[in-house]
Amino acid sequence: MREFDAKVVSAEGNRVVLDQTAFYPRGGGLVSDIGTLGAVKVTEVVKENGEVFHIVDSPGALKAGDVVHGSIDWDRRYKVMRMHTTAHIMCAIVNRETGALITGNQISPDESRIDFNLDQFDREKISDYTKVANGVVARGLEVKSYFMNREEALKMPGLVKLANALPPSVDVLRIVQIGDVDTQADGGVHVGNTREIGEIVVNRAENKGKNNRRLYFSLR
Ligand SMILES: [Zn+2]
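About the criteria used
Residues numbered from 1 in each chain as written. Predicted model: local features only at pLDDT ≥ 70, side-chain atom pairs only at ≥ 80, totals over all residues. Heavy atoms only, no water. Helix = DSSP H or I, 4+ residues; strand = E, 2+ residues; numbered from the N terminus. Rg over C-alpha atoms; globule rule 2.2 N^0.38 Å. Buried < 20%, exposed > 50% of the residue type's maximum accessible area, 1.4 Å probe, protein only. Salt bridge = Lys/Arg side-chain N within 4 Å of Asp/Glu carboxyl O. Phe/Tyr/Trp six-rings, centres within 6.5 Å; stacked < 30°, edge-to-face > 60°. Lys NZ or Arg CZ within 6 Å of the ring centre and 35° of its normal. 1 Å grid on protein atoms, 1.4 Å probe; cavity = no way out; pocket = protein on both sides within 12 Å on 5 of 7 lines; lining within 4 Å. Points joined across faces, edges and corners; volume = space filled by probe spheres on them. Nonpolar A, V, L, I, M, F, W, Y, C, P; charged D, E, K, R; others polar.

*Asks:* How should the overall build of the chain be read in this particular structure?
*Replies:* If you tally the helices and strands in the chain, you get 4 helices and 13 strands. The C-alpha atoms of the chain give 19 Å as radius of gyration, which agrees with the globular expectation for 220 residues (17 Å, within 12%). For the chain, the spread of C-alpha atoms along the three principal axes comes to 55 × 40 × 35 Å. Residues classed as buried in the chain amount to 44% of the 220 residues present.

Structural data, given as C-alpha cells:
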C-alpha cells in the first residue's frame with residue numbers, strides 16, 4: 001500500500017500518531033519509510049511500546065482529529081523491499097553452505113550489509129554464494145507471507161530457534177516464505193517475487209573482529 005487515509009490520534013511536538021498507517025517503522029535492521037501526511041513531510045517513523053510515531057518536519061501543523069492523506073516514498077520503499085528479500089536469500093545460502101548464523105544486518109535503499117558469525121570469507125566463496133543467490137532471483141520464486149500460531153510454528157524445524165527467541169506474549173507469528181529457499185518468522189517488507197530483485201552485486205567483505213564477517217551488497 002503506497003497511499004492511505006487516516007485520522008490523527010495525537011500530535012505532540014514533531015511526533016504524530018495515526019489511527020492506522022502504512023508507514024513501516026524502523027526495526028528489524030530495516031530503515032523506516034519516509035513520505036508525507038498531506039503537506040507535512042515524514043522524515044522517520046519509529047515504534048515505541050507498540051505505538052507508531054511519525055516524525056514530521058513541521059511541528060504543530062497537524063492536530064488530533066485531523067484527517068490526513070498519507071503517502072509513502074515508494075521508490076525508496078521498493079528498494080528496501082528488494083534489499084530485504086535479497087538479505088534473506090543471501091543469509092539462507094551462506095547458512096546452508098557454512099552453517100554461519102546472522103548476527104546483524106542493516107537494510108538501506110542503496111547499500112545493505114549483513115554480519116555473519118564466520119571466521120573466514122574468501123573472495124571465491126563469496127562470488128559462488130552470489131552466483132547461487134542470483135540463480136534464486138532468476139527462478140522467479142513467489143514470496144508469500146502468512147500468519148501462524150506460535151505452537152504450530154514451533155513444529156517447523158527451521159523456525160524453532162527464531163520462534164523461541166520471541167517473547168511468549170507473541171502468540172501469532174508472521175511467516176515469510178521465499179519459495180523453497182527460506183522460511184522465517186519476520187515482520188519486514190518484501191517483494192512478491194524474487195525476479196523483482198534484479199541482480200545482486202556484492203561490493204566488499206570486511207573483517208569485523210573475531211568470528212564476525214560483514215558483507216556489503218547493492219542491486220542492479
Ligand atoms: Zn527479514
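Now that the structure is up, let's keep going.
*Asks:* When you look at the pattern of salt bridges in this model, what are you seeing that I'm missing?
*Replies:* Any two side chains of opposite charge can pair, on the condition that their charged atoms come close. For the structure on display, the rule yields 13 salt bridges. Of the charged contacts, one joins K125 and D122 as a salt bridge, the two residues approaching to 4.0 Å between their closest N and O atoms. Classification of K125 by relative accessible area gives partly exposed; the value is 43%. One network of salt bridges, with partners in common, ties together E111, R204, E206 and K208.

*Asks:* Explain the packing of aromatic side chains to me, please; I cannot follow it from the model alone.
*Replies:* Any aromatic ring pair is given by two values, namely how distant the centres are and how the planes are angled relative to each other. Following the criterion strictly, the structure yields 3 aromatic pairs and no others. Taken together, a centroid distance of 5.9 Å and an interplanar angle of 80° make the contact between F4 and F23 edge-to-face. Here F4, found in strand β1 (residues 3–12), pairs with F23, found in the loop between β2 (15–18) and β3 (35–37); they are 19 residues apart in sequence, far enough to count as distant. Ring geometry for F116 versus F121: centroids 5.8 Å apart, planes at 65°, classification edge-to-face. F121 carries the same exposure label as F116, and that label is buried. The ring of F53 has R15 lying over it, and the distance from NZ or CZ to the ring centre is 4.1 Å. Here the basic side chain of R204 rests over the ring of Y216, its NZ or CZ set 3.8 Å away from the ring centre.

*Asks:* I would appreciate a short explanation of empty space enclosed by the protein in the present structure.
*Replies:* Which parts of space are left empty comes out when a probe the size of a water molecule is rolled across the atoms. Across all of its chains, the model carries 1 cavity of 30 Å³ or more by this definition. Its volume calculated, the largest cavity comes out at about 40 Å³. Each residue belonging to the lining of the largest cavity can be placed in one class, and the counts come to 4 nonpolar, 1 polar and 3 charged.

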